[in-house]
Amino acid sequence: MILSEFQTLLKKHKIEAYLVTRRNMFLTEDILPEENKIMEFTGFTGSAANLLVFQDKAVLFTDGRYEIQAKLETNPQQVKVECVKASDFFPWLNANCQNRKLKIHFNPWCWSAREYAAHSTDSSPAEFIADKKNLLGGLLSNNPVHVFPHEIEFCGIGSTEKISQIAKHLQSKNLKAYLFTAADSVSWLFNLRSNALPDTPVLRAYALVKDDGETTLFAENTDYENAVAFSQLPSYLKKFKKQNLGLDLRTTPQQIISFLSDDAYTHSADPVSAEKAIKNPIELQGIKNAHLRDAAAMCGFLCWLNDNWQGKTELDIVAKLRSFREKQSLFFSDSFPTIAGFGSNGAIVHYQPKPHTNLELKAGSMLLLDSGAQYFDGTTDITRTMAIGTPSADMVQDFTTVLKCHIALASAYFPEKTSGNALDAICRRNLWQQGKNYNHGTGHGVGCFLNVHEGPQNLSSGASYYPLQPNMVNSIEPGYYKENHYGIRIENLVYVDRVSDPNNDIPMLKFEYLTLVPIDKRLIDKYLLDDGEKIWLNSYHQTVYNKISPLVDDKVKNWLKDACSPI
């Protein structure tokens, strides 16, 4: 269905406006292309958006990561692009609907109960009406899904033990049961994975866990023999009352609330979310091992790129890097579609090359390469920006500034319970001093053979109040993007560790790096680095060489020796 056909449908049903989200019933998960109604209607391929469709116009709301991309991918005669924080369309509604409440229909499976409650107030500029006609069609692809276990050698704790702990948690909260609606929580709790998504091995399922440990898993189109159809959810939920069913309203679709009486449920934060963010010793060791193999693949690729970039395109780069990773043991898939932006394309924060945008690498600019892999023992995510030919003075200065930002946070000590927004500010300081910034978060949590973006913690200037704790895995990824010229980002994954210093008055934390790949010294002006920054960089590179050189052949080892030599 194209946008004009959907607008005709709105006219037929006398619907003033319709909110289209980039979601299905798994609100925090990625979606398949055939499930992406925003892409179908507008051509926009970014991962964060809301589309407000009127009978005669449409407004696409996205965040700063996609400001350039959205305007390039959409038709301005059909779609107006609004760049707003967190794809929030309410400021626009307040500015454009001052005299009356706009009636907006929406799919109640695709909006959380928390969002619906927050936006359905007397002061809201709109009245939100659940679409009972299912105008957008099916939510989930009908593709058959293979389900497989995440083996104990990788996950570290058996599902029986995990479920037992959740049952005890429910008892302590006086809850008879809990409905898990976040697919990564269900996957982690049951130690199950699937091939439902190309780059994320989650099982897209809900789970009902009772206080006695009894479980019911809801999923469709899978070969998991004990799964119950989603259509059976109402019959399982109707027995609950007196607020004895726990739900996380942030990840529970509003449609689920319609199955329950008002006194049947209570909001309770998803107890798995916090548990899986803190990696157990087996998970953390597996993640370290995965990063060693991933670094060997990346170094092999960078050595190849150094000698073979001439005549290659962005799509060539994507395919070649994948070929290096596929050779590593325990490889499962990429962890997200590779971002390979050369020159001006690098300034599009989440750019992914397509045949009609595919640039050939030419001397005198930079290649921004953001990529990662899913291994059975861990998930990786790394960004490196490389000089192609001789970089300009501006490129070197901007790259060095971004490196200083990265080192400032990577080397920081911070008190226990420090939140992500405080750390975000530490990272941006050097760019701010030059009147520059980047329009995305500084870092995100990462799962273990799960989502490459995982909460509850993140590092950003927004509502990132969740405190960091030991054994959490995060990215550190400052950047700078000069529109129509180039983009720069330096990303390592790190884990949170304790500082062992008896002289500290209070418990302190620090980051230990997981990513072990050289940072391009051709883009560094060493005279802009202070002594502490030089020590950090040389120490990092020495660690990279010591750990990765035994894993690569002699040609790559020689390249690595030069790439890791001290400045």
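Scroll up for the structure.
In this text the structure is predicted, and so the values were computed from the model without any measurement.

**So, unusual backbone geometry**
In step 1: Residue Pro 456 follows Gly 455 across a cis peptide bond; omega there is 10 degrees.
In step 2: Note that Pro 456 resides in strand β22 (residues 454-459).
In step 3: Unlike most non-glycine residues, Asn 191 shows phi in positive territory, near 55 degrees.
In step 4: Summarising the element assignment, Asn 191 is placed in the loop between α8 (183-190) and β9 (192-194).
In step 5: Judged by its relative accessible area of 8%, Asn 191 is buried.

**Here we look at the environment of Pro 234**
In step 1: You can see Pro 234 is positioned in helix α9 (residues 233-237).
In step 2: Take Pro 234: its relative accessible area is 27%, and that puts it in the partly exposed class.
In step 3: Here the alpha-carbon distance between Pro 234 and Gln 254, two residues 20 residues apart in the chain, equals 13 Å.

**Focus on the sheet that holds strand β19 (residues 382-388)**
By way of backbone hydrogen bonds, the strands of a sheet pair with one another, either parallel or antiparallel.
In step 1: Read across the open sheet, the three strands follow the order β15-β16-β19; overall the sheet is antiparallel. The strands lining the two open edges of the sheet, one partner per strand, are β15 (339-342) and β19. The mean angle between the axes of side-by-side strands here comes to 10 degrees, regardless of whether they run parallel or antiparallel.
In step 2: As paired strands, β15 and strand β16 (residues 365-371) are joined by four bridges and run antiparallel to one another. In the strand pairing of β16, Ile 339 is matched with Asp 370.

**Regarding the packing of helix α7 (residues 159-172) against α8**
In step 1: Axis separation between α7 and α8 bottoms out at 7 Å; the angle between their running directions is 120 degrees. Between α7 and α8, the crossing angle belongs to the class labelled oblique. Here α7 contributes Ser 159, Lys 162, Ile 163 and Ile 166 to the contact with α8, which in turn contributes Trp 188, Leu 189 and Phe 190.
In step 2: Considering only residue class, the contact of α7 with α8 consists of five nonpolar, one polar and one charged.

**Quick word on the side chain of Arg 428**
In step 1: Considering the arrangement of structural elements, one finds Arg 428 in helix α15 (residues 420-432).
In step 2: Given the relative accessible area of 4%, Arg 428 is considered buried.
In step 3: Within the local environment of Arg 428, its side chain forms a polar contact with the backbone oxygen of Tyr 438, the two atoms lying 2.8 Å apart.
In step 4: Excluding its chain neighbours within four sequence positions, the residues that come into contact with Arg 428 are Cys 405, Asn 437, Tyr 438, His 440, Gly 441, Thr 442 and Ser 461.

**Here's the deal with the packing of aromatic side chains**
In step 1: On inspection of all chains with the given rule, the structure shows 34 aromatic pairs.
In step 2: Relative to Trp 111, the ring of Phe 89 has its centre 6.4 Å away and its plane inclined at 25 degrees; by these criteria the two rings are stacked. Placement of Phe 89 in the loop between β4 (80-83) and α4 (90-96) and of Trp 111 in the loop between β5 (102-106) and α5 (113-119) is noted, with a sequence separation of 22 residues between them. Judged on exposure class, the residue Phe 89 and its partner Trp 111 are both buried.
In step 3: Taking the centre distance of 5.9 Å and the plane angle of 75 degrees together, the rings of Phe 331 and Tyr 375 count as edge-to-face. Taken together, the positions of Phe 331 in strand β14 (residues 331-334) and Tyr 375 in strand β17 (residues 373-375) put the pair 44 residues apart, joining distant regions of the chain. In this pair, the class of Phe 331 matches that of Tyr 375, namely buried.
In step 4: A connected cluster of aromatic rings, assembled from ring pairs, spans Phe 54, Phe 61, Phe 89, Phe 90, Trp 92, Phe 106, Trp 111, Tyr 116 and Phe 128.

**A short note on the nonpolar core**
In step 1: One finds Phe 301, Leu 305, Ile 317, Phe 511 and Ile 519 to be the most contacted residues of the largest nonpolar core, which totals 72 residues.
In step 2: Top contributing element to this core by residue count: helix α12 (residues 281-308), with ten residues.
In step 3: If you look at the next biggest cluster of nonpolar residues, it comprises 50 residues, including Cys 110, Ala 205, Val 228 and Leu 260.

**Describing the pairing of strand β8 (residues 177-180)**
In step 1: On β8, burial covers both faces: Ala 177 and Leu 179 on one face and Tyr 178 and Phe 180 on the other are all buried.
In step 2: Across four bridges, the pairing between β8 and strand β10 (residues 206-210) is antiparallel. Its bridge partner being in β10, Phe 180 is matched across the sheet by Ala 207.
In step 3: Taken together, the two bridges between β8 and strand β12 (residues 245-247) define a ladder with parallel strand orientation. What sits directly across from Ala 177, in β12, is Leu 245.

**Observations concerning the side chain of Glu 314**
In step 1: Take Glu 314: it is sitting in helix α13 (residues 314-326).
In step 2: One buried charged residue, Glu 314, remains without a salt bridge, the closest side chain of opposite sign being Lys 354 at 9.5 Å.
In step 3: A polar side-chain atom of Glu 314 sits 2.9 Å from the main-chain amide nitrogen of Phe 342.

Thresholds applied
- Residues numbered from 1 in each chain as written.
- Predicted model: local features only at pLDDT ≥ 70, side-chain atom pairs only at ≥ 80, totals over all residues.
- Heavy atoms only, no water.
- Helix = DSSP H or I, 4+ residues; strand = E, 2+ residues; numbered from the N terminus.
- Buried < 20%, exposed > 50% of the residue type's maximum accessible area, 1.4 Å probe, protein only.
- Pairing = 2+ DSSP bridges.
- Axes fitted to C-alpha atoms, helices over the stretch in contact; angles between N-to-C directions.
- Parallel < 35°, antiparallel > 145°, perpendicular 65-115°, else oblique.
- Contact = heavy atoms within 4.5 Å.
- Nonpolar A, V, L, I, M, F, W, Y, C, P; charged D, E, K, R; others polar.
- Polar contact = N/O pair within 3.5 Å; in protein donor to acceptor, adjacent residues only side chain to side chain.
- Phe/Tyr/Trp six-rings, centres within 6.5 Å; stacked < 30°, edge-to-face > 60°.
- Core = buried A, V, L, I, M, F, W, Y, C linked by side-chain atoms within 4.5 Å.
- Lys, Arg positive; Asp, Glu negative; His and termini not counted.
- Salt bridge = Lys/Arg side-chain N within 4 Å of Asp/Glu carboxyl O.

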